Number of protein chains: 2
Amino acid sequence: MSRAAVIIAAGGAGRRMGGVRKQYLELAGVPVLARALRPFLDHPAVEWVVVALPAEDAADPPAWLTALDPRIRIVAGGVERTHSVRNALDAVPPEADVVLVHDAARPLVTLDVVDRTFAAASRGLAAIPGVPPVDTIKVVDRDGLVRGTPERASLRSAQTPQAFPRALLVEAHRRAAEEGLTATDDAALVERYGGDVVVVQGSPENLKVTGPLDLLVAEAILRRRGP
Amino acid sequence: MSRAAVIIAAGGAGRRMGGVRKQYLELAGVPVLARALRPFLDHPAVEWVVVALPAEDAADPPAWLTALDPRIRIVAGGVERTHSVRNALDAVPPEADVVLVHDAARPLVTLDVVDRTFAAASRGLAAIPGVPPVDTIKVVDRDGLVRGTPERASLRSAQTPQAFPRALLVEAHRRAAEEGLTATDDAALVERYGGDVVVVQGSPENLKVTGPLDLLVAEAILRRRGP
């Protein structure tokens, strides 16, 4: 079996939550970050876990986090998500065949989504989970005028974890650093340098917690899942 | 003030809800369709209200619906959403300057979103509410391989109501009928025939109820809004 490392991007300063760092908020009694970690800790291939925290928190991490699992290593995040992932990637040993990158803000990720992306990356592909967007998507210009309506069947809402053969992700981040490039997801860097990325089936429940409304939604999903 | 008609597309047969017609489901004690109607009934410019129901329901509509407001007129929907809207449009009198088309599946729409789209259409523009997509959007080919990542700043998730000068919408539907064309939203028809469409500010809460999870979310939002 391929040997996997997981990077959790938890460097967010909570700008959209009024300074509240959502990675530490409790969701039905468990911190968001702990929920985001769980299915990776449960996956048999994951040997290394690197968590990128805001720099000041990395120097003095929450006790519950360091106590959670001996595989967890903490690094300081950067200004942008891309920088945080790059710092974490530097802490991934070359023995890792596959690297999974996951947003701490997706606490409802499940083992089956983790395993689908891992399995594709084990076969040498860059793989991301995706679902068809619920709403029609419009392309707009700077004035808000619609320039086009792409076929919905040709679109996917990208989620995380995004999984990569380690060398592919390292090379994409090396070139992005040279260019001073950042992106909202790691797959975009691989795409930019000509790498193939495949979309595997994500889950509508694997939502991103970006504001107070999403916390309500996440709680409702957890209630439905049961204890 | 421009005189407005509203079309509510409520012709869905509930295929994604196991045959349950979600337009009649109660959301915190009020049918989804009644909630979707409310801000239009409250808007001072709305003089005509046409609701497209599944054909068998149009012949025998729910008593609460016909009792809700004297402006409500019911028509039979068609196979696709586009057909339902077209049937409803036939029932809109030529005195209407502006036509708003709204999905019954968006029960959390608010008066301010209705008014923003109405105001833009009153000035002669086709207008739709939109919000930036939360997730990164990927363009994929038939094999699920990523073909590109459009800049997120250039994308909007389209919502309803979509508002149009009446003549513009009538002409777009007439040409679409000739071509046998359907679309997931009415703006796409106007775009196809060269009309300008502007995106106004929507609301993250104006979600589309497409499955059981969305009902939970909608209830959570309503609880937060309070009585």
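Residues numbered from 1 in each chain as written. Chains lettered and ligands numbered in written order. Predicted model: local features only at pLDDT ≥ 70, side-chain atom pairs only at ≥ 80, totals over all residues. Heavy atoms only, no water.

Draft legend 1. Just the relation of the copies chain B and chain A, in detail. For the match of chain B to chain A, the screw axis carries a shift of 0.0 Å, the RMSD comes to 0.0 Å, and the turn is 180 degrees. Here the symmetry operator amounts to a two-fold rotation axis. Relative to the rotation axis, the C-alpha of B:V217 is the closest in chain B, positioned 2.6 Å from it. Taken together, the interface assignments show that 100% of the residues at the interface of chain B recur at the interface of chain A, consistent with an identical surface on both copies. (Least-squares fit on C-alpha atoms with pLDDT ≥ 70 in both. Contact = heavy atoms within 4.5 Å.)

Draft legend 2. Expanded view of the interface of chain B and chain A. If you look at the interface, chain B gives 43 residues, while chain A gives 43 residues. A buried area of about 3,400 Å², summed over both sides, lies between chain B and chain A, and 60% of it is on carbon and sulfur atoms. Summed over the three residues of chain B that lose the most area to chain A, namely B:D135, B:K138 and B:L213, the buried surface amounts to 16% of that side. Put simply, chain B and chain A have six salt bridges between them. A salt bridge links B:K138 to A:D185, with the nearest nitrogen and oxygen atoms 3.0 Å apart. (Buried area = accessible area lost by both parts, 1.4 Å probe. Salt bridge = Lys/Arg side-chain N within 4 Å of Asp/Glu carboxyl O.)

Draft legend 3. Looking closely at the pattern of salt bridges. Counting across every chain of the model gives 34 salt bridges over all chains. The partner of B:R21 in a salt bridge is B:E56, and the shortest N-O contact between them spans 2.8 Å. Here B:R21 is found in the loop between strand 1 (4–9) and strand 2 (26–27), whereas its partner B:E56 is found in helix 2 (residues 55–59), with 35 residues between them in sequence. Judged by its relative accessible area of 49%, B:E56 is partly exposed. Through salt bridges with shared partners, a single ionic network connects A:R21, A:E56 and A:D57. (Helix = DSSP H or I, 4+ residues; strand = E, 2+ residues; numbered from the N terminus. Buried < 20%, exposed > 50% of the residue type's maximum accessible area, 1.4 Å probe, protein only.)

Draft legend 4. Up close: unusual backbone geometry. Residues and elements named next belong to chain A. Note the cis peptide between T160 and P161, where omega equals 15 degrees. Along the chain, the position of P161 falls in the loop between strand 10 (155–158) and strand 11 (162–165). The phi dihedral of A28 is positive, around 50 degrees, even though this residue is not glycine. The residue A28 is located in the loop between strand 2 (26–27) and strand 3 (30–31) in this model. A residue is classified by how much of its surface remains accessible, and A28, at 54% relative accessible area, is exposed.

Draft legend 5. Broad picture of the side chain of A:Q162. All names here are of chain A. Tracing the sequence through the fold places Q162 in strand 11. Polar contacts involving the side chain of Q162 include one to the main-chain amide nitrogen of D186, which spans 3.2 Å. A distance of 3.0 Å separates a polar side-chain atom of Q162 from the backbone nitrogen of A187. The residues contacting Q162, other than those within four sequence positions of it, are V99, L100, V101, A127, I128, D185, D186 and A187. (Polar contact = N/O pair within 3.5 Å; in protein donor to acceptor, adjacent residues only side chain to side chain.)

Draft legend 6. Fine view of the environment of B:S2. All names here are of chain B. By the element assignment, S2 lies in the segment before strand 1. Along the backbone, S2 and D97 are 95 residues apart, and their C-alpha atoms lie at a distance of 5.8 Å. Engagement of the side chain of S2 in a polar contact is seen with the side chain of S122, the distance being 3.5 Å.

Draft legend 7. Local environment of the packing of helix 8 (residues 212–225) of chain A against helix 8 (residues 212–225) of chain B. The interhelical angle for the contact between helix 8 of chain A and helix 8 of chain B, taken along N-to-C directions, is 130 degrees, at an axis separation of 9 Å. On the basis of their axis angle, the class for helix 8 of chain A and helix 8 of chain B is oblique. Every pair of crossing elements has a handedness; the one defined by helix 8 of chain A and helix 8 of chain B is right-handed. Residues A:P212, A:L213, A:L216, A:V217, A:A220, A:I221, A:R223 and A:R224 of helix 8 of chain A lie in contact with helix 8 of chain B, whose contacting residues are B:P212, B:L213, B:L216, B:V217, B:A220, B:I221, B:R223 and B:R224. Taken together, the residues of the contact of helix 8 of chain A with helix 8 of chain B sort by class into twelve nonpolar, no polar and four charged. (Axes fitted to C-alpha atoms, helices over the stretch in contact; angles between N-to-C directions. Parallel < 35°, antiparallel > 145°, perpendicular 65-115°, else oblique. Left-handed = near helix turned anticlockwise from the far one by under 90°. Nonpolar A, V, L, I, M, F, W, Y, C, P; charged D, E, K, R; others polar.)

Draft legend 8. Local environment of the pairing of strand 8 (residues 137–140) of chain A. Sheet topology places strand 8 of chain A next to strand 10 (residues 155–158) of chain B; three bridges connect them, and they run antiparallel. The residue of strand 10 of chain B that forms the bridge with A:I137 is B:S157. Taken together, the two bridges between strand 8 of chain A and strand 9 (residues 146–148) of chain A define a ladder with antiparallel strand orientation. Residue pairing in the sheet places A:V139 in a bridge with A:G148 of strand 9 of chain A. (Pairing = 2+ DSSP bridges.)

Draft legend 9. Just helix 5 (residues 111–122) of chain A, in detail. All names here are of chain A. If you check helix 5, its first and last C-alpha atoms are 16 Å apart, about what twelve residues at 1.5 Å a residue would give, namely 16 Å. Of the residues making up helix 5, those classed as buried are V113, V114, T117, F118, A120 and A121. Projected down its long axis, helix 5 carries its buried residues within an arc of 165 degrees, all on one side. On the buried face of helix 5, the contacting elements are strand 1 (4–9), helix 1 (32–41), strand 6 (98–103), strand 7 (126–131), strand 11 and strand 12 (197–201). Two residues or fewer after helix 5 comes G124, characterised by a positive phi angle close to 95 degrees. (Expected span 1.5 Å × (residues − 1). Arc of directions from axis to C-beta.)

Draft legend 10. Looking closely at the side chain of B:E191. With respect to the helices and strands, the residue B:E191 is situated in helix 7 (residues 186–192). Within polar-contact distance, the side chain of B:E191 engages the side chain of A:K138 at 2.6 Å. Those residues within four positions of B:E191 in sequence are excluded, and the remaining contacts are A:K138, A:V146, A:G148, A:T149 and B:V197.

Draft legend 11. Region of the structure containing the packing of helix 4 (residues 81–90) of chain A against helix 6 (residues 166–179) of chain A. All names here are of chain A. Running from N to C, helix 4 and helix 6 cross one another at 130 degrees; their axes reach a closest spacing of 11 Å. Relative to helix 6, helix 4 is oriented oblique. Judged by the sense of rotation from one axis to the other, the crossing of helix 4 with helix 6 is left-handed. The segment helix 4 lies against helix 6, with T82, V85, R86 and L89 engaging L169, V170, H173, A176 and A177. For the contact of helix 4 with helix 6, a count of residues per class yields six nonpolar, two polar and one charged.

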